[in-house]
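# Reading the structure
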Amino acid sequence: MPDNKIDASPGATGQPDAVDKSVLHRAIAASAMGNATEWFDYGVYAAVSVYITANFFSGGLESIGTMLGLAVSFVLRPLGGFIWGPIGDRLGRKSVLALTIILMSLATALIGVLPTQDQIGVWAPVLLILLRVCQGFTTGGEYGGAATFMAEYSPDGKRGHYGSFLEFGTLGGFVAGSGIVLILQTLSTDAFMNEWGWRIPFFIALPLGLIGLYLRSQLDESPVFQEVLDDDDQETKTMGENYKDLFSTHFKQVAIMFGMVTALNVAHYTLLTYQPTYLANTVGIEGSHATAVMFVGQVVMMILIPFFGTLSDKIGRKPMWWTSLIGLFIMAVPMYLLMRVGFGWAIVAFVVLGLLFIPQLSTISATFPAMFPTTVRYAGFAISYNVATAAFGGTAPLINDAVIDGTGFTLFPAFFMMGACVIGMVAVSFLTETAGVSLRGDEVPGEAEDNQSQVLFLGNSDDDDPEYART
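Residues numbered from 1 in each chain as written. Predicted model: local features only at pLDDT ≥ 70, side-chain atom pairs only at ≥ 80, totals over all residues. Heavy atoms only, no water.

Named according to an unreviewed UniProt entry, the protein is Putative proline/betaine transporter originating from Dietzia timorensis. In its Sequence similarities (unreviewed entry) section, UniProt records this for the protein: "Belongs to the major facilitator superfamily. Metabolite:H+ Symporter (MHS) family (TC 2.A.1.6) family." Under the UniProt heading Function (unreviewed entry), the entry covering the protein gives this text: "May be a proton symporter involved in the uptake of osmolytes such as proline and glycine betaine." (UniProt positions renumbered as here; feature names shortened; annotations may be inferred.)

Moving on to the overall build of the protein. Along the backbone of the protein there are 23 helices and zero strands. For the protein, the residues scored as buried account for 56% of the 471 residues in total. Within the protein, contacts between residues at least 6 apart in sequence are counted, and of these 85% link residues at least 24 apart. A total of about 18000 Å² of accessible surface is found on the protein, and carbon and sulfur atoms cover 67% of it. (Helix = DSSP H or I, 4+ residues; strand = E, 2+ residues; numbered from the N terminus. Buried < 20%, exposed > 50% of the residue type's maximum accessible area, 1.4 Å probe, protein only. Contact = heavy atoms within 4.5 Å. Areas by Shrake-Rupley, 256 points an atom, 1.4 Å probe, with all protein chains shown as cover.)

What follows deals with the pattern of salt bridges. Counting across every chain of the model gives four salt bridges. Between Arg-159 and Asp-156 there is a salt bridge, and its shortest N-O distance comes to 3.1 Å. Of the two residues examined, Arg-159 and Asp-156, each falls in the buried class. Between Arg-317 and Asp-313 there is a salt bridge whose closest N-O contact spans 3.0 Å. Assessed through its relative accessible area of 7%, Asp-313 is described here as buried. (Salt bridge = Lys/Arg side-chain N within 4 Å of Asp/Glu carboxyl O.)

Together, Leu-106, Leu-110, Val-113, Phe-203, Leu-206 and Leu-210 make up a nonpolar patch on the protein surface, roughly 490 Å² of accessible area in all. Counting through the fold element by element, Leu-110 comes out in helix H5 (residues 93–111). (Patch = residues over 30% accessible without salt bridge, like charges linked within 9 Å, V, L, I, M, F, W, Y side chains within 5 Å.)

The next subject is empty space enclosed by the protein. What the rule picks out here adds up to three cavities of 30 Å³ or more. Considering the residues around the largest cavity, the lining is formed by twelve residues, among which Gln-253, Met-371, Leu-431, Thr-432 and Val-444 are closest to the centre. Considering every element that reaches the lining of the largest cavity, the biggest residue donor is helix H14 (residues 251–283), with three residues. When its residues are assigned to classes, the lining of the largest cavity shows seven nonpolar, three polar and two charged. (1 Å grid on protein atoms, 1.4 Å probe; cavity = no way out; pocket = protein on both sides within 12 Å on 5 of 7 lines; lining within 4 Å. Points joined across faces, edges and corners; volume = space filled by probe spheres on them. Nonpolar A, V, L, I, M, F, W, Y, C, P; charged D, E, K, R; others polar.)

As a packed pair, H5 and helix H7 (residues 123–153) sit with axes 8 Å apart at the nearest point and diverge in direction by 145°. Judged by the twist between their axes, the crossing of H5 over H7 is left-handed. When grouped by side-chain class, the residues that make up the contact of H5 with H7 number twelve nonpolar, eight polar and four charged. (Axes fitted to C-alpha atoms, helices over the stretch in contact; angles between N-to-C directions. Left-handed = near helix turned anticlockwise from the far one by under 90°.)

Glancing now at the side chain of Ser-312. Secondary-structure assignment places Ser-312 in helix H15 (residues 287–315). On the basis of relative accessibility, which here comes to 0%, the residue Ser-312 falls in the buried class. Every residue in contact with Ser-312, bar those within four places of it in the chain, is listed here: Gly-160, Arg-317, Met-320, Thr-363 and Ala-435.

With that settled, the discussion passes to the nonpolar core. Membership of the largest hydrophobic core comes to 88 residues, with the highest contact counts inside it found for Tyr-336 and Phe-368. In contact with Phe-368, not counting residues within four places along its chain, are Met-257, Met-260, Val-261, Leu-264, Trp-321, Phe-381 and Tyr-385. Ranked by size, the runner-up nonpolar core spans 20 residues in total, among them Ala-47, Tyr-51, Ile-52 and Phe-202. (Core = buried A, V, L, I, M, F, W, Y, C linked by side-chain atoms within 4.5 Å.)

So, about the packing of H14 against helix H17 (residues 343–361). The N-to-C vectors of H14 and H17 enclose an angle of 160°; their axes lie 10 Å apart at closest approach. The angle between the axes of H14 and H17 places the two elements in the roughly antiparallel class. By crossing handedness, the relation of H14 to H17 is classed as left-handed. In this structure, H14 uses Ala-263, Leu-264, Ala-267, His-268, Leu-271, Leu-272, Gln-275 and Leu-279 to contact H17, whose residues at the interface are Ala-346, Phe-350, Leu-353, Phe-357, Gln-360 and Leu-361. (Parallel < 35°, antiparallel > 145°, perpendicular 65-115°, else oblique.)

With that settled, consider H17. When the terminal C-alpha atoms of H17 are compared, their 26 Å separation across 19 residues agrees well with the 27 Å that a helix rising 1.5 Å per residue should span. Helix geometry: H17 is bent most strongly at Leu-355, by close to 25°, with proline Pro-359 lying one to four residues after it. (Expected span 1.5 Å × (residues − 1). Bend = angle between axes of the 7 residues up to and from the residue.)

All right, on to the confidence of the model for the protein then. Across the protein, the average pLDDT comes to 80, with 84% of residues at or above 70. Predicted confidence for residues 1–17 stays below pLDDT 50, and this span has 35 contacts to residues more than four positions away or in other chains. (pLDDT = per-residue confidence, 0-100.)

Next up on the list: the packing of aromatic side chains. The final tally for this structure, using the stated rule, is 13 aromatic pairs. Look at Phe-165 and Phe-168: their rings are 6.0 Å apart centre to centre, the planes differ by 55°, and that puts the pair in the tilted class. Separated by three residues within a single helix, Phe-165 and Phe-168 lie in helix H8 (residues 159–187), roughly one turn from each other. You can call Phe-165 partly exposed: its relative accessible area is 24%. When the ring of Tyr-278 is compared with that of Tyr-336, the centres are 5.3 Å apart and the planes differ by 75°; the resulting orientation is edge-to-face. With a gap of 58 residues between them, Tyr-278 in helix H14 and Tyr-336 in helix H16 (residues 317–339) connect regions that are remote in the sequence. Comparing Tyr-278 with Tyr-336 shows no difference in burial state: the two are buried. Over the ring of Tyr-45 we find Arg-132, and its NZ or CZ is 4.4 Å from the ring centre. (Phe/Tyr/Trp six-rings, centres within 6.5 Å; stacked < 30°, edge-to-face > 60°. Lys NZ or Arg CZ within 6 Å of the ring centre and 35° of its normal.)

Written out as structure tokens, the structure is:
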């Protein structure tokens, strides 16, 4: 753990009013529920991709059309980040998160009532894509806001532990989505699944969203953001001024986060979204078996996420990211080769890659919000995260599928992941360690501590020149 860590004991972190544990737990649950609802949709969409292809796409589009339906939901995520982020920094995290969760769950539920291509022709895929775009626009504000809200509620010394439950919600949504589809596949026929069964999981998103909305309505603003609202000396900025402040003063943080998110989301969407299609179409594993591979791997990852989040509080965020990036770079090709051996080995390979991915996934909510000061935290996170996700994350399934179809190079997903890991390594090398550092104030967390550590170190050198000590 670096020397700039702030003591997390009571009264030592600059947190004057400790959040009651019951309130903290409700904040964690409210944030995680929204994230679970968001990723429940992606888990279901990935698991029923074969049925969506049969019902909405024909004429040569087939799986490419289905992957386009997934990728297009990311087109408006950056716009969502540009809109929702600054609003969240001006009006508060809570109000934005209440709106995004209900819009997101409603868009997901409406997919379940769409008529098929046989019934209304080309309008079927058009309506599907429009709902995916709407879902993408709302999630552009959901994830960054939920992570910011959770990070600002968490104690400094346990931000990794509590923040990991947001990603617990991510995998919980995936597991619930793929698990429900797997149960339906097991208890029904292919004909029923193709006709009506694929629709059922989408309906479940609406009650999930209503539960999340209720949980969020019972909470106050985060203590860190409330301090900004209560500060009479704090200048109220327009959205344009917030944009200018973010990109002129904090462009370094934006660039670092963009590189890290590129690595994170290429791995994320290759492993957790494209994998069922890859296992079924490329490896030749039966559809229900491909779903089972995902289900087992995601359950293992979900169980271990809180332990990795807690570990990041002890050793720091950067060692976690280095371990994950280097591990995925080394093991991607061997594990993709192992998937070809058979069903059991495919589970082993997926679990290994999932375990290597967890050190990144478990620390998102602790690492990324801490890269920006409070006044631009929501916007900085939402914009940086969603632009990178739209460019390199949400398009990963489409790119993987198109390259394999066009070239026959079935190991492309592994090499794609390796290239993204290199980008991530470059970005992490510039990251400031923020484990245990307070998120309060209008300075970039951790940088002041780094500068003071440098001055103290230089002041202890053999050179007595005070000017030297301040360089």
